[in-house]
Amino acid sequence: MSAAKQSILVLGIRVGGAVLQMLLVATVALRFSVTEVGLNGILWAVALVARMAGPLGLDVMGLRSQSPLWAEGRDTLAVRLGRRYTGALARVWSVAFLLLAAVCVALAVGGGPWGWVLALGVVATASAFQRLFVVQRQARNWPLLGQFMESVVLPALGLVGALVTSVLAPDWLIASQVMAFVLVTLFLYAASPSVQEGRARRRRAARSAPDVPFTGRHARTVPEPDPIYVPRHASGTSHPDDVAYAPIPWRPALTVGAGNALTSLCVRGPMFVIGGQSLAAAGVYEVAQKIQSGGAMGTSAVATVFAPRIAVALRKPAALIKLLVQAGGSSLVVPLGLLAFLFVVGSDGLVAVLGDEYQGAWAASVVLVVSTVINAITSAMSNVMMLGGRERMFAVIAAVQMLLVVGGALVSGADTAVSMAVWVLIGETFRSACMAAGLVLHLRAVRT
């Protein structure tokens, strides 16, 4: 399927997901108190941070290494890499979850909010693996199902949970949202390329195996074991499966992971800052951010489709520029349309739907969507920086952006949704300028 068709399909999925996200926020806002809206917003903020930072950069490293293998038809090596990366992430998160369990026990003994902490931990763990499985499907050039589960099914389950709990058990709102994350992650694991290819291989083996006993002269042929990895420094030559057996590149992975963590804090950090001052203000900002997410999902949809193609075209300047121009143009469609929609609805229209306590949500939404328009132009360029070996530069840019947004908000005493949105706009403008500069550096390096 062409990039254009995939972009349109993923964009349609993302738009549907954006509508569901807005319905979820509206449902929580109309059926629960503004304080519970703030708590739910913090839960989803933790999920986004964990989605970006939780894979520890292994999602990006996997995309970089697996995309060319799938494109070349080296499916076995790609599957092996995917399993190795999943196993490595599972080992790290198992240790983190044991520490979380110890914290929850200590809080339970002391009468603290151990249930709330456990909910955040489960959502963070689920979001990290969800992201890894979605990116593995991207590398396989199977982006649609992952995007559908992440963008449509997840908020749909959250919406159903909010509706059911509002009628039957209002205190179980957070638990219903946690369950949505867990179910989607389990499904994405079952649909990951490693699991799917393993099942396909077993089905092929079952169809081709003769119906004879395993003993005697009719015994089936026992397959030879996989070749043993011989390092280059020991053999003097390059092993054909070096890419599958080489050590996991933890240093660049963690660098990219740190950059993604800082980027996610730029997006969700304002929620934590406002939530620390007033859960009511956090509820207003959550509404504005969910409206903005409609435009951001359009940008993310395009980046999802173009990321594996960019990974393959990194050393081809003409093809790379063409991809980036296509991605930038496609990314602008949704945020510009959302901005126009906001001006049509107006501040009074939004307040009429949500209530007087959401004064300021419209202005904050406009500022945040403008920042999304700026990001849309350079969003795909960040893939060039992450996949092209400039992980440290990407991390430094993300760190400065976070200092601008979170640090600026704290120093200025920003305590409203509008003032916080202004700092987000400043940070996004800085980031986009740096991504454009990074692209120029990459093209110069390739051409020399």
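Residues numbered from 1 in each chain as written. Predicted model: local features only at pLDDT ≥ 70, side-chain atom pairs only at ≥ 80, totals over all residues. Heavy atoms only, no water.

As annotated in an unreviewed UniProt entry, the protein carries the name Polysaccharide biosynthesis protein and is attributed to Kocuria atrinae.

Scanning the protein from N- to C-terminus turns up 18 helices and zero strands. Within the span of the protein, comprising 448 residues, buried residues form 53% of the whole. Carbon and sulfur atoms make up 69% of the accessible area of the protein, which totals about 19900 Å². (Helix = DSSP H or I, 4+ residues; strand = E, 2+ residues; numbered from the N terminus. Buried < 20%, exposed > 50% of the residue type's maximum accessible area, 1.4 Å probe, protein only. Areas by Shrake-Rupley, 256 points an atom, 1.4 Å probe, with all protein chains shown as cover.)

Here we take up the side chain of Ser194. With respect to the helices and strands, the residue Ser194 is situated in helix H8 (residues 193–208). Discounting residues that sit within four places of it in the chain, Ser194 has contacts with Val79, Gly82 and Arg83. (Contact = heavy atoms within 4.5 Å.)

Turning next to the pattern of salt bridges. If charged atoms from side chains of opposite charge come close, those side chains can pair. Using the criterion set out here, one finds two salt bridges in the structure. Here Glu150 makes a salt bridge to Arg51, at a shortest N to O gap of 2.5 Å. Remark: Arg51 occurs in helix H2 (residues 34–53) and Glu150 occurs in helix H6 (residues 143–168); sequence separation between them is 99 residues. Accessibility expressed as a relative area gives 8% for Glu150, which makes it buried. For Arg51, a relative accessible area of 15% puts it in the buried group. With a closest N to O distance of 3.3 Å, Arg131 and Asp59 form a salt bridge. Note that Arg131 is positioned in helix H5 (residues 114–139) and Asp59 in helix H3 (residues 58–71), a separation of 72 residues in sequence. Accessibility expressed as a relative area gives 18% for Arg131, which makes it buried. Overall, Asp59 belongs to the buried group, its relative accessible area being 2%. (Salt bridge = Lys/Arg side-chain N within 4 Å of Asp/Glu carboxyl O.)

Here we come to the packing of helix H15 (residues 361–378) against helix H18 (residues 417–447). Put simply, H15 and H18 touch, their axes get as near as 8 Å, and they point 5° apart. When the axes of H15 and H18 are compared, the pair comes out roughly parallel. Counted together, Ala363, Ala364, Val367, Leu368, Val370, Ser371, Ile374, Asn375 and Thr378 of H15 and Ala417, Val418, Ala421, Val422, Val424, Leu425, Glu428, Thr429, Arg431, Ser432 and Met435 of H18 form the full contact between these two elements. The class makeup of the residues in the contact of H15 with H18 is 13 nonpolar, five polar and two charged. (Axes fitted to C-alpha atoms, helices over the stretch in contact; angles between N-to-C directions. Parallel < 35°, antiparallel > 145°, perpendicular 65-115°, else oblique. Nonpolar A, V, L, I, M, F, W, Y, C, P; charged D, E, K, R; others polar.)

Bringing the packing of helix H14 (residues 333–354) against H15 into the picture now. Contact geometry for H14 and H15: axes closest at 9 Å, N-to-C directions at 175°. Relative to H15, H14 is oriented roughly antiparallel. Packed against H14, whose contacting residues are Pro335, Leu336, Leu338, Leu339, Leu342, Phe343, Gly346, Ser347 and Leu350, the element H15 presents Ala361, Trp362, Ser365, Val366, Val369, Val370, Thr372, Val373 and Ala376 at the interface. Residues that form the contact of H14 with H15 fall into these classes: 14 nonpolar, four polar and no charged.

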